[in-house]
2 protein chains.
Amino acid sequence: MNDKILELESFLPYRLYRLADLVSREFAAVYKDRLGLTRPEWRVLAGLGQHGSLTAKTLGEQSAMHKTKVSRAVAELERRRWLSRTPDENDRRIEHLTLTKAGLAAYGEMVPLAKAFERRLSQAMGAARLAEFDYGLERLEEFMREGEE
Amino acid sequence: MNDKILELESFLPYRLYRLADLVSREFAAVYKDRLGLTRPEWRVLAGLGQHGSLTAKTLGEQSAMHKTKVSRAVAELERRRWLSRTPDENDRRIEHLTLTKAGLAAYGEMVPLAKAFERRLSQAMGAARLAEFDYGLERLEEFMREGEE
DNA sequence: AATCGATGGTTACAGATGAAACAAATACGG
DNA sequence: CCGTATTTGTTTCATCTGTAACCATCGATT
């Protein structure tokens, strides 16, 4: 092993990033073509579809997005009337975000597409392999989160 | 399994992207603090450090970057005099890019840091787990590349 | 209840990004 | 050769991004 040289193509951070980028772009094509959404917008839709109602802050945590991304994505979905804001009764800084009928319809359209996409990915590995891979992801996530706070 | 709902936190594309983003940011802090590089610049440095001399095109393929990113990163590293361009004798569209002394020094400084970073990641999983994980990455990469061309 | 720090969220700004248009050179079919 | 298509690389432009500044509100302390 030459330790003066780094093999980029087997460097874990690079491989991870490249794969994630590739996968993410491919999937982005789905919701972009279909619904004209950006990634932050898709994540907001996904977050609210899954949880029913969230504040901007919780939404950001739940979907790992910077608050400015959340703010802008929410504004856009509101403009389309795919979500609505309900002021909190006790804390006027907060608004509860909920999908409208139209938003739910869009979400309902995306869910099977997302699942189909994921299924294709999973099939690229076997089910057993996938479990191992998932576990690896988990360990890494956990490791990264430790170093944080 | 409710098939009307997608669990974002276990959705593979999302998990991959989130982890890659986290890891990438953390590592970016290293080369940013240390050398003031952006990610594209770091990749150019890494590509040339590893391969000695490349054209912009090859560099782009080798490091999975859009040609405009390559173009700009190369321009910046040239401005710093970390790399130099040598015109190709047979094809005047092409320039061969090589690191200067200063560029090599920076690369030499980064390699052990990169390896240390990767080692810490690897240790988050066992060695056996890592092999499985690597294999999973490979399968996914391959699968994604198939769908391409 | 007045003050002061923390919190939820938006906005302004500066930098990074990719699609598309571009320039310069080469390849290739007639 | 000539003209056209292709390749390499840069630039332009419109969009996306995060940092930092900001505003309004809340909570705790006095």
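Residues numbered from 1 in each chain as written. Chains lettered and ligands numbered in written order. Predicted model: local features only at pLDDT ≥ 70, side-chain atom pairs only at ≥ 80, totals over all residues. Heavy atoms only, no water.

An unreviewed UniProt entry lists chain A under the name MarR family transcriptional regulator, from Ollibium composti.

A.B. asks: Teacher, can you tell me more about the overall build of chain A here?
C.D. replies: Scanning chain A from N- to C-terminus turns up 6 helices and 3 strands. The order of α-helices and β-strands along chain A, N terminus first, is α-α-β-α-α-β-β-α-α. Over its C-alpha trace chain A gives a radius of gyration of 19 Å, far above what one expects of a compact globule, namely 15 Å for 149 residues. Counting only C-alpha atoms and orienting by the principal axes, one finds that chain A spans roughly 60 × 35 × 25 Å. Contacts spanning at least 24 positions in sequence make up 50% of the contacts within chain A whose residues lie at least 6 apart. Looking at chain A as shown, the accessible area adds up to about 8300 Å², and 50% of this sits on carbon and sulfur atoms. (Helix = DSSP H or I, 4+ residues; strand = E, 2+ residues; numbered from the N terminus. Rg over C-alpha atoms; globule rule 2.2 N^0.38 Å. Contact = heavy atoms within 4.5 Å. Areas by Shrake-Rupley, 256 points an atom, 1.4 Å probe, with all protein chains shown as cover.)

A.B. asks: Whenever I open this one, the packing of aromatic side chains confuses me. Can you help?
C.D. replies: Each aromatic ring pair is characterised by the separation of its centres together with the angle its planes make. Per the counting criterion, the structure on display carries 11 aromatic pairs over all chains. For the ring pair A:F27 and A:W42, a centre distance of 5.6 Å and an interplane angle of 75 degrees mean the geometry is edge-to-face. Of this pair, A:F27 sits in helix α1 (residues 12–35) while A:W42 is found in helix α2 (residues 39–51), placing the two residues 15 residues apart along the sequence. Here A:F27 matches A:W42 in class, with each residue buried. In this structure an aromatic cluster arises from ring pairing among A:F11, B:F27, B:Y31, B:W42 and B:F117. A cation over a ring is seen here: A:R80 above A:W82, with NZ or CZ 4.9 Å from the ring centre. (Phe/Tyr/Trp six-rings, centres within 6.5 Å; stacked < 30°, edge-to-face > 60°. Buried < 20%, exposed > 50% of the residue type's maximum accessible area, 1.4 Å probe, protein only. Lys NZ or Arg CZ within 6 Å of the ring centre and 35° of its normal.)

A.B. asks: In this structure, what is going on with the protein's contact with DNA strand C? I would like to understand it.
C.D. replies: Close contacts around DNA strand C come from 22 residues, with A:K57, A:S71, A:R85, A:R93 and B:K69 the closest. Sugar and phosphate atoms represent 64% of those atoms of DNA strand C found within 4 Å of the protein. One of the side-chain N or O atoms of A:R93 is found 2.8 Å from a base oxygen in DNA strand C. B:R92 places a polar main-chain atom, nitrogen or oxygen, 3.3 Å from a phosphate oxygen of DNA strand C. Broken down by secondary-structure element, the contributors of at least two residues to the surface near DNA strand C are α3 (56–62) and α4 (67–79) of chain A together with α4 (67–79) of chain B. By residue number, the principal contributor to the surface near DNA strand C is α4(A), which donates 4 residues. Within the surface near DNA strand C, the residues separate by chemical class into 3 nonpolar, 7 polar and 12 charged. (Near = heavy atom within 4 Å. Polar contact = N/O pair within 3.5 Å; in protein donor to acceptor, adjacent residues only side chain to side chain. Nonpolar A, V, L, I, M, F, W, Y, C, P; charged D, E, K, R; others polar.)

A.B. asks: So what exactly am I meant to see when it comes to the UniProt feature "domain: HTH marR-type" (unreviewed entry) in chain A here?
C.D. replies: As annotated by UniProt and renumbered to match this structure, "domain: HTH marR-type" (unreviewed entry) occupies residues 9–142 of chain A. Split by type, residues 9–142 of chain A is 72% helix and 10% strand. Its first and last C-alpha atoms lie 24 Å apart. (UniProt positions renumbered as here; feature names shortened; annotations may be inferred.)

A.B. asks: Any chance you could explain the interface of chain A and chain B here in plain terms?
C.D. replies: As a measure of interface size, the accessible area lost when the parts come together is often cited. Listed per partner, the contact involves 59 residues of chain A and 59 residues of chain B. Summing the contributions of chain A and of chain B, the shared interface buries around 6400 Å²; its carbon and sulfur component is 66%. Three residues, A:R15, A:Y17 and A:M144, lead the burial of chain A against chain B; their summed loss comes to 11% of the area buried on that side. The interface formed by chain A and chain B contains 8 salt bridges. Inspection of the chain A/chain B interface yields 19 residue pairs in polar contact (both at pLDDT 80 or more). (Buried area = accessible area lost by both parts, 1.4 Å probe. Salt bridge = Lys/Arg side-chain N within 4 Å of Asp/Glu carboxyl O.)

A.B. asks: Even after reading the chapter, I still don't get the sheet that holds strand β3 (residues 95–99) of chain B, so can you show me in this structure?
C.D. replies: By definition, the strands of a sheet pair up through backbone hydrogen bonds, in either a parallel or an antiparallel sense. Strands sit in the order β1-β3-β2 (chain B) across an open sheet of 3 strands; the sheet is antiparallel. Taken across any chain shown, the strands that pair with only one partner, and hence form the sheet edges, are β1 (53–54) and β2 (83–87) of chain B. (Pairing = 2+ DSSP bridges.)

A.B. asks: Would you explain the sheet that holds strand β1 (residues 53–55) of chain A in this entry?
C.D. replies: Residues and elements named next belong to chain A. Here we have 3 strands laid out as an open sheet, ordered β1-β3-β2, and antiparallel in their pairing. Sheet topology places β1 and β2 (83–87) at the edges, where each strand pairs with a single neighbour. On average, adjacent strands in this sheet sit at an angle of 30 degrees to one another, irrespective of strand direction. The sheet contact formed by β2 and strand β3 (residues 95–99) spans 5 bridges and is antiparallel. In the sheet register, R85 faces β3, and the bridge partner there is L97. (Axes fitted to C-alpha atoms, helices over the stretch in contact; angles between N-to-C directions.)

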